[in-house]
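Coordinate inspection notes
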Protein chains: 2
Amino acid sequence: MGREKGRAMNPIPVIEAVRDGEALPEGALEGFLESYLADEVEEYQMSAFLMAVVLRGLRRRDLSRLVHSMLHSGAVLEHEDLEGPTVDKHSTGGVGDKVSLVLAPLAAECGVYVPMMSGRGLGHTGGTLDKLESIPGFRTDLALDEFQAMLQEVGAAMIGQTSEIAPLDRRLYALRSVSGTVPSIPLIAASIMSKKLAEGLEGLVLDVKVGAGAFLPDEERALELGRTMVEIGADHGVPTVALATAMDRPLGRTVGNALEVREGLDCLRGEGPADLREVVLSLVTEMVLVGGVGADADAARHGVTDALDSGRALDRFRRMVELQGGDPRVVDDPGRLPSAAVRLEVRAPEGGRLDGLDPLALGRAVVELGGGRTRLGQEIHPGVGYADLTPPGTELAAGDLLGTVHAADEAAAEAAAAALRDAVRIGHQGEGLRPLVSHRIDEGGVQVLHPAR
Amino acid sequence: MGREKGRAMNPIPVIEAVRDGEALPEGALEGFLESYLADEVEEYQMSAFLMAVVLRGLRRRDLSRLVHSMLHSGAVLEHEDLEGPTVDKHSTGGVGDKVSLVLAPLAAECGVYVPMMSGRGLGHTGGTLDKLESIPGFRTDLALDEFQAMLQEVGAAMIGQTSEIAPLDRRLYALRSVSGTVPSIPLIAASIMSKKLAEGLEGLVLDVKVGAGAFLPDEERALELGRTMVEIGADHGVPTVALATAMDRPLGRTVGNALEVREGLDCLRGEGPADLREVVLSLVTEMVLVGGVGADADAARHGVTDALDSGRALDRFRRMVELQGGDPRVVDDPGRLPSAAVRLEVRAPEGGRLDGLDPLALGRAVVELGGGRTRLGQEIHPGVGYADLTPPGTELAAGDLLGTVHAADEAAAEAAAAALRDAVRIGHQGEGLRPLVSHRIDEGGVQVLHPAR
């Protein structure tokens, strides 16, 4: 970062410029962040800076500088021996979002390398690591060299964030959580993008969830987050595309770790729910395109669909499970996945059209069942959750199945059944749901794919 | 403040509410501040709070709660044996502002008690303590009981801020200066008012300076500061009035500590410059009125003028000097004040009307002469500065006196002479100066006394 060693930098002008909405001079932000990492800028100066960013934002150029410093604060992967582009996908998180399990092997099958580092579930949204770890033996704590070898061998590898990646992001994230500076689109975008870009990518596709179960439920703010991340990607020379997808109901028909793996396997067999399949196909098509390995959108989509329906992506997933230490027999015999002792069917109390299914309520109920966390490091029960959820839009008769609760005991099952009954909205008006894939964002701007009804 | 001991409070909701412009629940801010003083709220949480206040402001009720906590964090004076109301004046600071020297004994002569705690000069504005200390032997470091005794005896006492007053203000002030959170009208108002209200006042008059030499040069912001302080006073049951006075040129014809004492003594003798006399009479009239010892504005003004012209205020000043350890002979023989070795007359290079005299430039030049500070604790030379400054508005012929530099050596004198020549604006257009006393602010709002031309 070029700052002369031993020359003290004054952090106050940097804080003042952000406070006053002014552009920062060349090198100022980099020096500020470098000094912070060297403990020469105090935590109280950084928290004042963060609050100024929350309330005043950050100019595009300065935001990209922030991301640059965060990303280069730790290891940045390099992939020299691969025969294709490295492309990853990131989701802003939702309920029932098992997309990565299907997408990673499918994208690998389509010619891109997927070096995916994921997170754990916290709050009402699930985490890919927890889902993978419901496969007996599956290791997500590979060292970086093992990760690289996996990538070379299978074309996709899925691990947890290591402490070598973006340590500045971790420090800032910890400080934000105790200083009231969490809700900021530039800071959220910087946190996501610094970690993703550290994977050494040549392309990135973002799945920006919109609706009650999303991290940013509001469409406008979600699109702004998408746009901001696309700009950061472009500024770092990494072509980035975002799709806005529906999170006003769960994705697919299951919520809960092992139950979602089972549904992901269905999808990899060319079966499973239509919404999950459509989101997977849309995202992988974009990955192929940003990776430059597809001729055009139609050809890419065709190739991706074919790779899924042929079973080749499933084969690749089986190898990935095996090489990451998991029991590959799970792939063909999902009965080997952990399960819950109690199952309870929940039925419609009245007839009518299923207008809505609140994803936030279901996500929280799965946490209550023990399938998610309320604090870091908590043990979870991989087998619990909801299955057979009736898709919104379905016409129901009284007594039809709304879904099946999988729980550790009867009391927990009853509570989750009550939560499902509360989460259901039955009416006759045909209230609108969000379009499944509503917007596409690239450097050119936001494109409406399917307008909301 | 009523918070149960040992019950941890969560500071984050307080920071978030201010960040989001929301009102704080009863007791929340008090708990936050109390926990900060107990080192249970971290500095990085307080600096995030302060930045949120800078950028979002604070609702009137919450600002008054902040001031309440700041003021009660230390000693609050009580004046039980006095025979009249305690009323003080505070100025936001200017160049050539020797008002307090005249005002304190004059107000005391008019029936109010003036328990004045002042500051030192820092930056381009002078400080009352430095001016008083140019009187040989004058002590401004009286203990609080000595201060009370002085007040009882003379009706006025002038000391420095003691460490017993508003310690929370000192901590916040120190943090603001290193976290980019200085420029905030609510925080500035809170800092001033917490210290003034700790004097145990029954009335307060504020002199809000407006123009290039003021702390807030812009009229609108200066009036907002005045209005905010008037509201805080009212919320604490202390009738408070603010006058906006001109600081687009120096007040009076001298700038520099001993030179200003000399000019203050002239004013106490019923002589001296008209602008200084007018500002003093206006402010003391308001003090008499807020203290409830004047029948009406006309009667009060008449009484104050009479007290000044009679020489009785001068007598009272003499007693104050004597009781605070100073040499009272200075009062009748200002030649005993410290003086500078070199005097240099500065003359008009051309004829014309003196349209302007930049107070900021002169204030800075006095600092350069050694008469002010660029950092806390610096020694100053009490004798240096400018005297005989020609009042703006005067018609000059080439060669007429612009002012006399008082300096420690020839080189410094030349530099200050050059600064004076640069600070002078000679034209023929009769550019407007600000009205000397332009606005009056009380609980009813802002009243324009003399519109700007």
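Just so you know, the residues in each chain are numbered from 1, in the order the chain's sequence is written. Here the convention is simple: chains get letters from A, ligands get numbers from 1, in the order in which they are written. Residues qualify for local features only when their pLDDT is at least 70, as the model is predicted, and side-chain atom pairs are given and counted only at 80 or more; totals for whole chains, interfaces and linings, by contrast, use all residues. Side-chain figures throughout are based on the complete set of non-hydrogen atoms in the structure, without hydrogens or water.

Some details on unusual backbone geometry
Residue and element names in this part refer to chain A. Inclusion rule: Numbering goes from the N terminus for both helices and strands, where a helix is a DSSP run of H or I of at least four residues and a strand is a run of E of at least two. Exposure categories follow from relative accessible area, calculated using a 1.4 Å probe and restricted to protein chains: below 20% of the type maximum is buried, above 50% is exposed, and the middle band is partly exposed.
Backbone geometry at Asp39 places phi at a positive 60 degrees, although glycine is not the residue there. Relative to the assigned elements, Asp39 resides in the loop between helix H2 (28–37) and helix H3 (43–56). What makes Asp39 exposed here is its relative accessible area of 56%.

Brief notes about the environment of Arg65(B)
All names here are of chain B. The condition is simple: When checking whether two residues touch, look at their non-hydrogen atoms; a contact exists if any pair is within 4.5 Å.
Here Arg65 is to be found in helix H4 (residues 60–71). Taking the relative accessible area as the measure of exposure, Arg65 reaches 10% and is therefore buried. On a C-alpha basis, the gap between Arg65 and Leu29 in space is 7.1 Å, while along the polypeptide they are 36 residues apart. Not counting chain neighbours up to four residues away, the residues in contact with Arg65 comprise Leu24, Pro25, Glu26, Leu29 and Glu30.

What about the sheet that holds strand E7 (residues 352–357) of chain B?
The strands making up a sheet associate through backbone hydrogen bonding, with each pair oriented either parallel or antiparallel. Residue and element names in this part refer to chain B. Which entries qualify depends on this criterion: Each pair of strands is called paired provided DSSP finds at least two bridges between the two strands. Each axis is a line fitted through C-alpha atoms, and for a helix only the stretch in contact is used; angles between axes span 0 to 180 degrees, taken between their N-to-C directions.
Ordered by their spatial adjacency, 3 strands build an open sheet running E9-E7-E11, and the pairing between neighbours is antiparallel. Across the chains shown, the open sheet's two edge strands, defined by having one partner strand only, are strand E9 (395–396) and strand E11 (424–427). Relative to E11, helix H17 (residues 410–423) is tilted by about 40 degrees, and along the sheet it contacts E7 and E11.

Some points on the environment of Val41(B)
Residues and elements named next belong to chain B. Within the element layout of this structure, Val41 appears in the loop between helix H2 (28–37) and helix H3 (43–56). Considered as a pair, Val41 and Tyr386 are 345 residues apart in the sequence and their alpha carbons are 48 Å apart. Once residues within four sequence positions are removed from consideration, Val41 is found in contact with Met9, Pro11, Phe32, Ser35, Tyr36 and Met46.

Notes on the sheet that holds strand E1 (residues 87–91) of chain A
All names here are of chain A. The mixed open sheet is built from 5 strands, whose spatial order is E1-E4-E5-E12-E13. Unpaired on one side and paired on the other, E1 and strand E13 (445–448) mark the two borders of the sheet. Each neighbouring strand pair of the sheet contributes to a mean axis angle of 20 degrees, computed without reference to strand direction. Here strand E5 (residues 240–246) pairs with strand E12 (residues 437–442) via 4 bridges, running antiparallel. In the sheet register, Thr245 faces E12, and the bridge partner there is Val437.

What to know about the nonpolar core
As a reminder of what qualifies: To form a nonpolar core, buried Ala, Val, Leu, Ile, Met, Phe, Trp, Tyr and Cys residues must be joined to one another through side-chain atoms within 4.5 Å.
With 290 residues, the main nonpolar core has Phe49(A), Leu66(A), Tyr386(A), Phe49(B), Leu66(B), Tyr386(B) and Val405(B) as its most contacted residues. Setting aside residues no more than four positions away along its own chain, Tyr386(B) makes contact with Arg253(B), Thr254(B), Val255(B), Leu259(B), Leu362(B), Ala365(B), Val366(B), Thr404(B), Val405(B), Ala416(B), Ala419(B) and Leu420(B).

Focus on the relation of the copies chain A and chain B
Stated formally: Residues reaching a pLDDT of at least 70 in both copies supply the C-alpha atoms on which the copies are superposed by least squares.
You can overlay chain A on chain B at an RMSD of 0.0 Å; the transform is a turn of 180 degrees with a shift of 0.0 Å along its axis. Expressed as an axis order, the relation between the two copies is that of a two-fold axis. Looking at the rotation axis and the C-alpha trace of chain A, the residue lying nearest is Tyr44(A), at 1.8 Å. Looking at the interface residues of chain A, 100% of them are also at the interface in chain B, so both copies use one shared face.

A look at the domain arrangement of chain A
Residues and elements named next belong to chain A. Stated formally: In this entry, domain limits derive from an automatic or database-based domain assignment. Accessible surface is computed with a 1.4 Å probe, and the buried area is the amount of it that two parts give up when combined, taken over both parts together. The working definition used for a salt bridge is a side-chain nitrogen of Lys or Arg within 4 Å of a carboxyl oxygen of Asp or Glu. Here a polar contact means two N or O atoms within 3.5 Å. Within protein one must be a hydrogen donor candidate and the other an acceptor candidate, and residues neighboring in sequence count only if both atoms are side-chain atoms.
What the domain assignment lists for chain A is domain 1 (12–57), domain 2 (87–333 + 436–448) and domain 3 (339–427). Between domain 2 and domain 3, the C-alpha centre-to-centre distance is 25 Å. On the side of domain 3, 27 residues touch domain 2, which itself brings 21 residues to the contact. Counting each side, the surface lost to burial between domain 2 and domain 3 is near 1,700 Å², with a carbon and sulfur contribution of 64%. Summed over the three residues of domain 2 that lose the most area to domain 3, namely Arg253, Val255 and Leu259, the buried surface amounts to 31% of that side. In this structure, the connection of domain 2 to domain 3 is made through 1 salt bridge. Taken together, domain 2 and domain 3 are joined by 6 residue pairs in polar contact (both at pLDDT 80 or more). Top contributing element to the side of domain 2 that touches domain 3 by residue count: helix H11 (residues 257–268), with 3 residues.

Structural notes on the interface of chain A and chain B
Contacts between chain A and chain B engage 21 residues on the former and 21 residues on the latter. If you sort the residues of chain A by the area they bury against chain B, Arg19(A), Tyr44(A) and Leu55(A) come out on top, with a joint share of 35%. At the junction of chain A with chain B, the criterion picks out 0 salt bridges. On inspection of chain A and its partner chain B, the count reaches 7 residue pairs in polar contact (both at pLDDT 80 or more).

Notes on the pattern of salt bridges
For side chains bearing opposite charge, pairing can occur when the charged atoms are close. Per the counting criterion, the structure on display carries 76 salt bridges over all chains. For Arg301(A), the salt bridge identified is with Glu278(A), shortest N-O distance 2.8 Å. Residue Arg301(A) is located in helix H13 (residues 297–309), and its partner Glu278(A) is located in helix H12 (residues 274–290); the two are separated by 23 residues in the primary sequence. Taking the relative accessible area as the measure of exposure, Arg301(A) reaches 28% and is therefore partly exposed. Between Glu26(B) and Arg65(B) there is a salt bridge, and its shortest N-O distance comes to 3.5 Å.

Describing H2(B)
Residue and element names in this part refer to chain B. In terms of burial, H2 is a largely internal element, 8 of the 10 residues being buried. Those residues of H2 that are buried lie in contact with helix H1 (12–19), H3, H4 and helix H8 (167–177). With its phi angle positive at about 60 degrees, Asp39 sits one or two positions after the end of H2.

Points about the side chain of Arg434(A)
Residue and element names in this part refer to chain A. Within the secondary structure, Arg434 is located in the loop between strand E11 (424–427) and E12. A relative accessible area of 14% means that Arg434 is categorised as buried. Those residues in contact with Arg434 that sit more than four places away from it in its chain are Val210, Gly211, Glu219, Ala246, Asp248, Arg249 and His439.

Focus: the packing of aromatic side chains
All names here are of chain A. What counts, and what does not: Centre distance within 6.5 Å is the pairing criterion for rings of Phe, Tyr and Trp, where only the six-membered ring of Trp is used; planes under 30 degrees apart are then read as stacked, over 60 as edge-to-face, and the remainder as tilted. Only when the NZ atom of a Lys or the CZ atom of an Arg is both within 6 Å of the ring centre and within 35 degrees of the ring normal do we say a charge sits over the ring.
Under the defined criterion, the tally for this structure stands at 2 aromatic pairs over all chains. Ring centres 4.9 Å apart and planes at 45 degrees place the aromatic pair Phe32 and Phe49 in the tilted group. Of this pair, Phe32 sits in helix H2 while Phe49 sits in helix H3, and the two are 17 residues apart along the sequence. In this arrangement the basic side chain of Arg171 is found over the ring face of Tyr36, its NZ or CZ atom lying 3.9 Å from the centre.

What about the packing of helix H5 (residues 99–109) of chain A against H11(A)?
When two helices pack together, you describe them by how their axes are tilted relative to each other and by the distance separating the axes. All names here are of chain A. The condition is simple: Two helices that cross are described as forming a left-handed crossing if the nearer one is turned anticlockwise from the farther one by less than a right angle, and a right-handed crossing if clockwise. Charged means Asp, Glu, Lys or Arg here, nonpolar means Ala, Val, Leu, Ile, Met, Phe, Trp, Tyr, Cys or Pro, and polar covers whatever is left, Gly included.
Contact geometry for H5 and H11: axes closest at 8 Å, N-to-C directions at 35 degrees. Helix-helix and strand crossings are classified by hand; for H5 and H11 the assignment is right-handed. Contact residues: Leu101, Val102 and Pro105 in H5; Glu260, Val261, Gly264, Cys267 and Leu268 in H11. Taken together, the residues of the contact of H5 with H11 sort by class into 6 nonpolar, 1 polar and 1 charged.

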